[in-house]
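Reading the structure
So the chains spell out like this:
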Amino acid sequence: MDYGYQRMYINAERVDAQSGQTIDVFDPAFGTVIARVPQGNSSDIDQAVRSARHCFDSGVWPGRPARERERILLDLAQIIRRERDILAQTEVKDCGKPLADALADIDEAAFILEYYGGWVTKLNGEIPPTNPEAMSLIVKEPIGVAGLIIPWNYPFLMAIQKIAPALAAGCTCVLKPAEQTPLTALALPKYLEEALLPPGAVNIVTGYGDEAGEALVKHPGVDMISFTGSLEVGRHIQKTAALQIKRVTLELGGKSPNIVFADTNLDDAVAKTCFGVFWNQGEVCSAGSRVIVQEPIYDEFLDRVDNYLSSIKMGCGTHPDTTMGPLISLEHQKRVQEHVKSAYKDGAQCRAKGTLPDDSALIHGYFVEPMVFTNVDMTMRIMREEIFGPVMAVMPFSTEDEAVTLANDTPYGLAAALWTNDIKRALAVAKKLRAGTVWINDSQPAPSEAPWGGYKQSGQGRELGRMGLEEYLETKHIYINLNRGINTPE
Ligand code: TAP
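Residues numbered from 1 in each chain as written. Predicted model: local features only at pLDDT ≥ 70, side-chain atom pairs only at ≥ 80, totals over all residues. Heavy atoms only, no water.

Neighbouring the ligand are 31 residues; Glu179, Gly209, Ser230, Leu252 and Glu386 lie closest to it. The separation between an oxygen atom of the ligand and a polar main-chain atom of glycine 209 is 2.6 Å. The separation between an oxygen atom of the ligand and a polar main-chain atom of glycine 229 is 3.3 Å. More than half of the atoms of the ligand fall within 2 Å of the grid points belonging to the largest pocket. Looking at the shell around the ligand, the elements with two or more residues in it are α7 (209–218), β10 (224–228) and α8 (231–242). Of the residues that constitute the shell around the ligand, the class distribution is 16 nonpolar, 10 polar and five charged. (Near = heavy atom within 4 Å. Polar contact = N/O pair within 3.5 Å; in protein donor to acceptor, adjacent residues only side chain to side chain. 1 Å grid on protein atoms, 1.4 Å probe; cavity = no way out; pocket = protein on both sides within 12 Å on 5 of 7 lines; lining within 4 Å. Sits in = over half its atoms within 2 Å of the grid points. Helix = DSSP H or I, 4+ residues; strand = E, 2+ residues; numbered from the N terminus. Nonpolar A, V, L, I, M, F, W, Y, C, P; charged D, E, K, R; others polar.)

Below, the structure written as structure tokens:
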């Protein structure tokens with residue numbers, strides 16, 4: 001499938017980059033070019049921010065009656081549901097994930113639009129009790145123009161995860177998709193127009209992070225940045241935005257622990273622990289890649305993981321049997337292979353490997369076989385650094401305290417999972433884990449009604465749920481002196 005040349009979207013027009021330059025987009029299963037998109041730079045970002053600024057400052061979007069804004073978000077959700085197959089197929093070609101996973105992403109994106117659409121008419125303020133001679137109105141207002149910067153592992157879902165709360169809050173926005181995966185974002189404009197979103201409310205600029213992304217962060221017309229991506233870039237963005245005291249929310253990486261106590265139901269624990277490491281090819285910020293297993297069940301746990309590994313079917317995401325696709329790019333494939341080399345060098349042992357696709361047509365795809373390492377300790381890179389690939393590391397523990405210490409021994413704090421049949425222990429350990437999400441007897445569910453975000457260096461702020469909406473809001477206090485009459489003009 002060739003997607004040809006796809007334009008960016010500024011002020012409801014499809015536009016080229018002002019420089020005329022383009023970026024090639026690859027199908028990671030075959031390593032072939034399937035599309036070209038504009039290489040936007042600071043001039044294009046400036047146009048997009050002006051468009052978003054105008055739509056916001058003129059009140060075209062934030063001044064619209066709440067029920068009309070709600071309607072537009074709900075209509076957009078319906079359109080996305082109608083177009084789910086085509087969007088999911090495009091997502092598979094763009095980022096390699098299996099079709100079933102891409103369909104689930106699109107469905108969740110539609111739900112997120114419905115969820116935040118529902119909030120639009122329910123953003124009440126407060127009247128706190130102060131003194132009888134005054135009244136304080138606490139009102140919520142949109143922060144203004146939001147710059148939205150997203151990675152490549154859930155391209156469409158991440159785009160909607162940011163656009164939906166921004167619009168629900170009354171903000172307008174400029175989205176910069178990842179350079180590797182711009183195609184489903186660029187499919188959005190016709191749906192936005194069908195839902196009757198006004199020009200300028202959503203603008204989409206494709207381009208490189210250090211050019212278009214950097215310009216978005218630096219632009220004085222942008223009131224906040226919502227960023228999802230790596231710790232390194234997140235840190236840089238926070239520093240840059242600090243010069244303008246710009247609000248920044250950061251959803252960064254993780255090295256999530258997965259603690260398996262000996263009293264757990266092993267069938268469930270093994271299946272979901274493996275899922276939590278290997279789904280989406282391990283390209284998941286919350287992947288539970290540090291598996292910590294209590295000594296009495298350590299050997300049996302590993303035997304069962306071997307079986308899981310042999311059931312993984314790698315291949316092209318569009319094939320119905322495929323359960324694991326390629327990594328996103330040649331560069332990322334090399335990065336993951338470097339991590340594997342360093343694990344060997346540090347003395348880790350590869351316990352089991354999956355098998356690469358047997359289809360010769362996929363020889364140039366960016367595949368890396370799933371792997372399980374043992375003989376690891378917390379000094380090794382494999383236990384400390386985010387790999388963002390299908391690599392599991394397993395180590396034994398003895399006591400509950402030891403498990404908690406190992407789990408928290410990381411600068412990250414995005415998520416953690418624990419497996420036990422003892423509810424008292426489950427809650428006690430959950431409270432001690434320093435992570436934004438703790439799963440008890442599960443791994444990876446992230447319902448969009450609940451907040452998502454990290455402790456420590458996994459980020460700041462929250463996405464999803466009501467808290468995710470509040471990131472796009474300002475709070476205003478209006479104080480009324482009730483001792484003074486206010487005359488209503490004739
Ligand atoms: P990054 O390299 O950080 O890129 C993320 C986005 O930032 C891309 O759009 C990128 O543009 C852009 N960018 C790069 N440099 C920039 C700069 N100087 N200024 C502004 N924007 C810039 O991450 P990635 O490799 O795409 O994604 C993997 C990382 O994302 C992992 O660390 C993963 O944990 C994290 N992640 C976190 C979460 C949550 S919810 N916490 C979810 C998914 C992924 P280009 O496309 O040009 O590079």
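Each pocket or cavity is described by its volume, and for the largest pocket that value is around 1200 Å³. What lines the largest pocket is a set of 40 residues, among which Trp152, Gly229, Ser230, Val233 and Arg335 lie closest to the centre. Counting residues per element, the ones that place at least two in the lining of the largest pocket are α7, β10, α8 and α11 (330–345). With six residues, the top contributor of residues to the lining of the largest pocket is α8. By residue class, the composition of the lining of the largest pocket is 17 nonpolar, 13 polar and 10 charged. Empty space within the second largest pocket amounts to approximately 420 Å³. Surrounding the second largest pocket, 23 residues form its lining, Tyr154, Leu157, Gln161, Trp279 and Ala446 being those nearest its centre. Looking at the lining of the second largest pocket, the elements with two or more residues in it are α4 (99–120) and α5 (155–169). (Points joined across faces, edges and corners; volume = space filled by probe spheres on them.)

We now examine the pattern of salt bridges. Going through the model one piece at a time under the given rule, you end up with 33 salt bridges. A salt bridge links lysine 97 to aspartate 105, with the nearest nitrogen and oxygen atoms 2.6 Å apart. This pair shows no difference in class: lysine 97 is buried, exactly as aspartate 105 is. One salt-bridge network, in which partners are shared between bridges, spans Asp263, Glu400, Arg425 and Lys432. (Salt bridge = Lys/Arg side-chain N within 4 Å of Asp/Glu carboxyl O. Buried < 20%, exposed > 50% of the residue type's maximum accessible area, 1.4 Å probe, protein only.)

Moving on, we get to the packing of helix α2 (residues 66–82) against helix α6 (residues 183–194). Following both chains from N to C, one finds α2 and α6 inclined at 135°, their axes separated by 9 Å at the closest point. It follows from the interaxial angle that α2 and α6 lie oblique. For the pair α2 and α6, the crossing hand works out as right-handed. Two secondary-structure elements touch here, α2 through Leu76, Ile79, Ile80 and Arg82 and α6 through Leu188, Tyr191, Leu192 and Glu194. Residue classes in the contact of α2 with α6 are distributed as six nonpolar, no polar and two charged. (Axes fitted to C-alpha atoms, helices over the stretch in contact; angles between N-to-C directions. Parallel < 35°, antiparallel > 145°, perpendicular 65-115°, else oblique. Left-handed = near helix turned anticlockwise from the far one by under 90°. Contact = heavy atoms within 4.5 Å.)

The next subject is α11. Between its terminal C-alpha atoms α11 stretches 23 Å, which fits the 22 Å expected from 16 residues at 1.5 Å a residue. Along α11, the residues that are buried comprise His332, Gln333, Val336, His339, Val340, Ser342 and Ala343. Against the buried residues of α11 lie β15 (371–374), α12 (381–384) and β16 (391–397). In the stretch just after α11, glycine 347 is the one whose phi turns positive, near 100°. (Expected span 1.5 Å × (residues − 1).)

In spatial order, the strands read β1-β5-β4; together these three strands make up an open sheet with mixed pairing. The open sheet is flanked by β1 (4–5) and β4 (22–27), the only strands paired with a single partner. Here six bridges tie β4 to strand β5 (residues 32–38), and the two strands are oriented antiparallel to one another. Residue phenylalanine 26 lies in a different strand from β5, and its bridge partner there is valine 33. Where helix α3 (residues 84–95) meets the sheet, its contacts fall on β4 and β5, and the angle it forms with β4 comes to roughly 100°. (Pairing = 2+ DSSP bridges.)

Here we take up the sheet that holds strand β17 (residues 415–419). Spatial ordering of the open sheet is given by β14-β15-β16-β13-β12-β17-β18, a layout of seven strands whose pairing is mixed. Both edges of this open sheet fall to β14 (349–353) and β18 (437–440), since each of them pairs with a single strand only. Strand-to-strand, the axes of this sheet are offset by a mean angle of 20°, without reference to chain direction. Judged from the three bridges that link them, β15 and β16 form a sheet pairing that is parallel. Residue pairing for β16: methionine 371 is matched across the bridge by valine 391. Sheet strands touched by helix α10 (residues 298–311): β12 (257–260), β13 (290–294), β14, β15 and β16. Its angle to β14, the strand with the most contacts, is close to 45°.

Structural measurements only, silent on function.
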